[in-house]
Number of protein chains: 2
Amino acid sequence: MQLTEIRVAGFGGQGVILAAIVIGKAASIYENGYATMTQNFGPEARGGACSAQLVLSGDPVLYPYVTNPDFLVVMSQEAYVKFAPEVRPNGTLIIEQDLVRIGNLPAGTKVYSCPATRIAEELGKRMVLNIVMVGFFAAVSRVLKPESVNQAVLESVPPAFKDLNAKAFEAGYKYGVENPDALPQHSSPEKEVTVEV
Amino acid sequence: MQLTEIRVAGFGGQGVILAAIVIGKAASIYENGYATMTQNFGPEARGGACSAQLVLSGDPVLYPYVTNPDFLVVMSQEAYVKFAPEVRPNGTLIIEQDLVRIGNLPAGTKVYSCPATRIAEELGKRMVLNIVMVGFFAAVSRVLKPESVNQAVLESVPPAFKDLNAKAFEAGYKYGVENPDALPQHSSPEKEVTVEV
């Protein structure tokens, strides 16, 4: 497993930490890699933004801080404004389509956009938008096997919510498979992505 | 705020991560300190043990790994066996009384013991044992103000569970205030602690 830095960010209550835990478990438990999740609480935690950092690696992770993520998965505008400038050149930005409006990205950034909130609402529970995003991430990032991520989802949620989260993962993954192209640079996601849920 | 290293450990599903998040938020959001939580997923994550590391500090945390915690809060025997040897000399061990049997501790370790599962069950939900332990930690560790930790609990749980978790925090805190003495060394907790819930 190649060293991969990921930041998942949004606002409190969206399930940012759980999304990061799922990705970390997929890498370590189901793909025999190593993963470290770090969460900073400090002045930045006093606003509404919530962020988790993940380092995935084939070897034990010696330095767990993420400075320039390869992937930024972002579910709020505030988190986007704060963390998008840190994405490494030619890195990948994965956004919740209706919650994030992009602009001023580092050169070469690939952008993938998913209407995760709407998909989650159609499944009956807005709260699973984080797992829809995880499914979408699995489809477009290709860092981990989708089966690994799916297993990690099932292992990380309470038994009563397994079915719902399995559907959320599947819906996000399916959306990613059916809409695999990154948005053209300097475009607004609303104009470029056909929403078909 | 003095630099303080804490490890919270147990098995998956006990709410180890949430307990750590609450302590981290209390330190940073409510006491103007800094906190970093780190979770390793790797070979160790493949067993049932679950552990979160916390560093609390008055300054930004540059090195987030915990090697010899000042405090180990532990909720399973497996996690106890694994992490107790790492407690720093004269450090503090905080255990779930019915889930952990102590032995072979580093010299000078202070041990505090709380029947958190039973207290949680009396509140009607075994799942809040983690927050009972957080309340107990707040009472016996004296690292943070109890009001800060209480606020962090309320901020970290879904609205529908605020009341239950507030009661869990209060019950754990009360138990710690009423049973403030560390167990004598080399003794079994069952013999030394009078359970009064």
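This text goes with the structure placed above it.
The structure presented is a predicted model; accordingly, all values stated were derived computationally and were not measured. (Residues numbered from 1 in each chain as written. Chains lettered and ligands numbered in written order. Predicted model: local features only at pLDDT ≥ 70, side-chain atom pairs only at ≥ 80, totals over all residues. Heavy atoms only, no water.)

(A) The pattern of salt bridges, seen in detail. Residues and elements named next belong to chain A. Going through the model one piece at a time under the given rule, you end up with 12 salt bridges over all chains. Between D70 and R88 there is a salt bridge whose closest N-O contact spans 2.4 Å. Residue D70 is located in the loop between β3 (49–57) and β4 (71–74), and its partner R88 is located in the loop between α2 (77–83) and β5 (92–96); the two are separated by 18 residues in the primary sequence. (Salt bridge = Lys/Arg side-chain N within 4 Å of Asp/Glu carboxyl O. Helix = DSSP H or I, 4+ residues; strand = E, 2+ residues; numbered from the N terminus.)

(B) Quick peek at the relation of the copies chain B and chain A. Rotating chain B by 180° and translating it 0.1 Å along the rotation axis places it on chain A, where the RMSD comes to 0.0 Å. Within this description, the copies of the chain are treated as partners about a two-fold rotation axis. Taking C-alpha positions as reference, the residue of chain B nearest the rotation axis is T38(B), located at 2.2 Å. (Least-squares fit on C-alpha atoms with pLDDT ≥ 70 in both.)

(C) Broad picture of the packing of helix α1 (residues 16–28) of chain B against helix α4 (residues 129–141) of chain B. All names here are of chain B. At a minimum axis separation of 9 Å, α1 and α4 run at an interaxial angle of 35°. In the packing of α1 onto α4, the handedness of the crossing is right-handed. Judged by residue contacts, L18, A19, V22 and I23 of α1 engage N130, I131, V134 and F137 from α4. Tallied by class, residues from the contact of α1 with α4 come to 7 nonpolar, 1 polar and no charged. (Axes fitted to C-alpha atoms, helices over the stretch in contact; angles between N-to-C directions. Left-handed = near helix turned anticlockwise from the far one by under 90°. Contact = heavy atoms within 4.5 Å. Nonpolar A, V, L, I, M, F, W, Y, C, P; charged D, E, K, R; others polar.)

(D) How the structure looks around the side chain of T36(A). Looking at where T36(A) falls in the secondary structure, it is placed in strand β2 (residues 34–41). Owing to a relative accessible area of 2%, T36(A) belongs among the buried residues under this scheme. At 3.5 Å, the side chain of T36(A) forms a polar contact with the side chain of Y65(B). (Buried < 20%, exposed > 50% of the residue type's maximum accessible area, 1.4 Å probe, protein only. Polar contact = N/O pair within 3.5 Å; in protein donor to acceptor, adjacent residues only side chain to side chain.)

(E) Representation of helix α1 (residues 16–28) of chain A within the structure. All names here are of chain A. For α1, with 13 residues, the first-to-last C-alpha span of 19 Å sits near the 18 Å given by 1.5 Å per residue. When you tally the buried positions in α1, you get 12 out of 13 residues, the bulk of the element. The set of residues buried in α1 consists of V16, I17, A19, A20, I21, V22, I23, G24, K25, A26, A27 and S28. (Expected span 1.5 Å × (residues − 1).)

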